[in-house]
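Residues per chain, in single letters:
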Amino acid sequence: MTNESNQLIHRFAVSWRLQHLSLMIGVFGLALTGLAYRYYDTGFGRFLINLEGGFGSRGILHRICGVMLGLAVVWHGFRVIFTRTGHDDFMALMPEKGDGKRWRLALKAKFSSEPFNAEWGRYTLGQKVQYWTVALGTLLMISTGLILLMGDRAVAALPKWMVDMVRVVHGGQGVELMVFIVLWHLYSTHFSPGRFPMDASWITGKISKGQLKDYHMREYRRLFPEDD
Amino acid sequence: MNTPSLYRMWITYSVLLGIVAITGIALAQGQNPDAKCLICHAKSDLSRIESDGHKHSLFVDSSAIRASVHGKWSCNDCHAAVTTIPHAPGVPRVECTRCHFAGNRMGAPESLIYDQYKESVHGLAAAAGNQKAPHCQNCHGTHEIRRLTDTLSTMSRNSVAKTCGSCHVHEFTDYRVSVHGSAVEKGNKDAPVCTNCHGEHDIRAHSDPTSKVNSANIPNTCSACHASEALMEQYGVKGVQVETYDESYHGIAVKFGQKQAANCASCHGVHDILPANDPRSRVNVANIPHTCGGCHPGANANYARGRIHVDAENKDAGIIYYIASFFKYLTIGTLAVLILNIILDLRRKLTSRKPHK
């Protein structure tokens, strides 16, 4: 490991990091209060409900976290639409030509022990999939959550079976997202070998040159064309 | 000794034996401890005028006592306060607990239930001086007490409602036409009588958290029968009502002490429960907006569009079943793929680790 590869490069703006923090607190709070409700009849659920101050305050906390998540989403949307860096970051999350081919090669490499660099850009395909799954999943959670938040008015406006459907979608999608975030995002940023206890870039906003080279080669070349 | 003198001796002995036997029977009759009581109480018109002007009969039908579970006991065994005859008016109420206590040697059934009465809503009211509060006799009867299995008992399945109804008139009126009451009247052995829901000697006020009919405990009480799928199927009650209620927002809220959340009785009624297909039922489709409206202002016909006890794991739930299944398999699939991803990542990184931070 050279000194140069340890050199830290700026990767995430302060606003980006604060959005992530707000999103993280919101999602964690929603997951803990949501899981408590869904698994109320297990020791885990009862523990969470007690932790959250009982059934009533669990509901209030869930709503507060929902507002927090909503604010993060609105902030993210504004930043993507109205700022250059936000827009560029968002565009870098779009699927691009060659992603499929790189993914096939990366998948093949997963089964071998040979060194392999898929030459991803600013974001790997995995990160793009994580972003879009969480983004679309969150929009579904927020829209169904808002319907449920309307309570009596929702049942008066929609047939009961439709509100029941919304509840099933909200619960099912919530658990699905939780599994997705824990087993993919949290694993890859905290528990994957070389990452523990965590990849600090979500706090510092920086990434090492070496890591950039290993995981985001084309971004590295874009930032350091002279190194080629 | 010739034959005529033998004949005379036989006649003499027979006459003497007859005198002894008749005297014995007469003496034995004189020993009957109830006989003295019955000198007065066998008169059918014996009565007393109570302070409220009500005529209280003091007639005792000795044959009813003999046919009762207490047939072998004498008056004084229960009416122990009477020590002289004639006795002074105002004989105290019989204390059944003279014999009915755990560990008794009088042959009364061994049970701890007798003591429960003291803590019950009836026992507490009686102790507080409520003249209308029932004592043992008000429910079980007095001289004519019979076994519960005896249809003539005031506490037999077919009589309980009528007995409770002698004080709880409105409840009895509602109950006897309800799905439960009408079934019991037809001789059904499964339908609940008052005591199945309220308890027996331990009946508590519904506001008491330990009451079987307290809002927090009603789901448990109804579950005693309604959780049995076999029993429900027998009576054409479809679906898993208890499970679906437990998993509903109402059920979870009640379980965690939210008293305002609906329990079974909030929607189905209490004594007047009727099957959903009865137009008078609170859960009849036409009445659902009104029933839900009790708690949910603005409830309208949309409240009745869809199942109430939704079982997302049953195909009968339609689209809800398919959506729940979709998410179930999507989550299982996600778990499988991501765990495989972790295994592959660990294998690759631990065998050819590149230590970049």
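What you see is a predicted model; the values in this text were computed from it and never measured.

Calculation criteria
Residues numbered from 1 in each chain as written. Chains lettered and ligands numbered in written order. Predicted model: local features only at pLDDT ≥ 70, side-chain atom pairs only at ≥ 80, totals over all residues. Helix = DSSP H or I, 4+ residues; strand = E, 2+ residues; numbered from the N terminus. Buried ≥ 20, exposed ≤ 12 C-beta atoms within 10 Å, placed from the backbone. Contact = placed C-beta atoms within 7 Å. Rg over C-alpha atoms; globule rule 2.2 N^0.38 Å. Domains from an automatic or database assignment. Nonpolar A, V, L, I, M, F, W, Y, C, P; charged D, E, K, R; others polar. Core = buried A, V, L, I, M, F, W, Y, C linked by C-beta atoms within 7 Å. Axes fitted to C-alpha atoms, helices over the stretch in contact; angles between N-to-C directions. Parallel < 35°, antiparallel > 145°, perpendicular 65-115°, else oblique. Left-handed = near helix turned anticlockwise from the far one by under 90°.

1. Quick notes on the overall build of chain A
And then number 1: When its secondary structure is counted, chain A shows 12 helices and 2 strands.
And then number 2: Dimensions of chain A, computed from the C-alpha atoms along their principal axes, are close to 65 × 40 × 30 Å.
And then number 3: Counting only residues that meet the buried cut, chain A has 26% of its 228 residues in that class.
And then number 4: Long-range contacts, defined as pairs at least 24 residues apart, comprise 69% of the intrachain contacts of chain A with a sequence gap of at least 6.

2. Considerations on the overall build of chain B
And then number 1: When helices and strands are counted, chain B shows 18 helices and 2 strands.
And then number 2: Since a compact globule built from 357 residues should have a radius of gyration of about 21 Å, the 34 Å found for chain B marks it as more spread out than a globular shape.
And then number 3: Principal-axis analysis of the C-alpha atoms gives chain B an extent of 135 × 60 × 40 Å.
And then number 4: Evaluated residue by residue, chain B yields a buried proportion of 18% over its 357 residues.
And then number 5: Pairs at least 24 residues apart make up 39% of the contacts formed inside chain B by residues separated by at least 6 positions.

3. Here's the deal with the domain arrangement of chain A
Many authors give the size of an interface as the accessible area that is lost as the parts come together.
And then number 1: According to the domain assignment, chain A contains domain 1 (11-86) and domain 2 (202-228).
And then number 2: Here the C-alpha centre of domain 2 of chain A lies 31 Å away from the C-alpha centre of domain 1 of chain A.

4. Quick notes on the environment of L18 of chain A
Residue and element names in this part refer to chain A.
And then number 1: Tracing the backbone through its elements, the reader meets L18 in helix α2 (residues 14-38).
And then number 2: The class of L18 is partly exposed, set by 13 C-beta atoms lying within 10 Å.
And then number 3: The spatial distance from the C-alpha of L18 to the C-alpha of H170 is 26 Å, given a sequence separation of 152 residues.

5. Let's talk about the interface of chain B and chain A
And then number 1: Facing 41 residues of chain B, the contacting portion of chain A comprises 40 residues.
And then number 2: For the side of chain B that touches chain A, the secondary-structure elements that each account for two or more residues are α15 (249-255) and α18 (319-351) of chain B.
And then number 3: It is α18 of chain B that contributes the most residues to the side of chain B that touches chain A, 19 residues altogether.
And then number 4: Partitioned by chemical class, the residues of the side of chain B that touches chain A number 22 nonpolar, 12 polar and 7 charged.

6. Side note on unusual backbone geometry
And then number 1: Between F196 of chain A and the following residue, P197 of chain A, the backbone shows a cis peptide bond with an omega angle of 0 degrees.
And then number 2: Locating P197 of chain A in the fold gives a position in the loop between α9 (160-191) and α10 (201-204).
And then number 3: Residue I85 of chain B is joined to P86 of chain B through a cis peptide bond whose omega torsion reads -5 degrees.
And then number 4: Summarising the element assignment, P86 of chain B is placed in the loop between α4 (75-78) and α5 (113-119).

7. Let's talk about the nonpolar core
And then number 1: In terms of nonpolar packing, the biggest core is built from 11 residues, these being A36, Y37, Y40, L48, I49 and F55 of chain A together with I252, A253, V254, A261 and A262 of chain B.
And then number 2: Going through the elements one at a time, α2 and α3 (43-51) of chain A together with α15 of chain B are the ones with two or more residues in this core.
And then number 3: Excluding anything up to four places from it in sequence, Y40 of chain A contacts G45 and I49 of chain A together with I252 of chain B.

8. Here we look at the packing of helix α7 (residues 125-149) of chain A against α9 of chain A
Helix packing for two helices is described by the angle between their axes and how far apart those axes are.
All names here are of chain A.
And then number 1: In the contact formed by α7 and α9, the axes pass within 9 Å of each other and the chain directions differ by 150 degrees. Between α7 and α9, the angle is such that the two are roughly antiparallel. Between α7 and α9 lies a crossing whose hand is left-handed. Where α7 abuts α9, its residues Q130, T133, V134, G137, L140, M141, T144, G145, I147 and L148 lie against V163, V166, R167, V169, H170, Q173, G174, L177, F180, I181, W184 and H185.
And then number 2: Partitioned by chemical class, the residues of the contact of α7 with α9 number 12 nonpolar, 9 polar and 1 charged.

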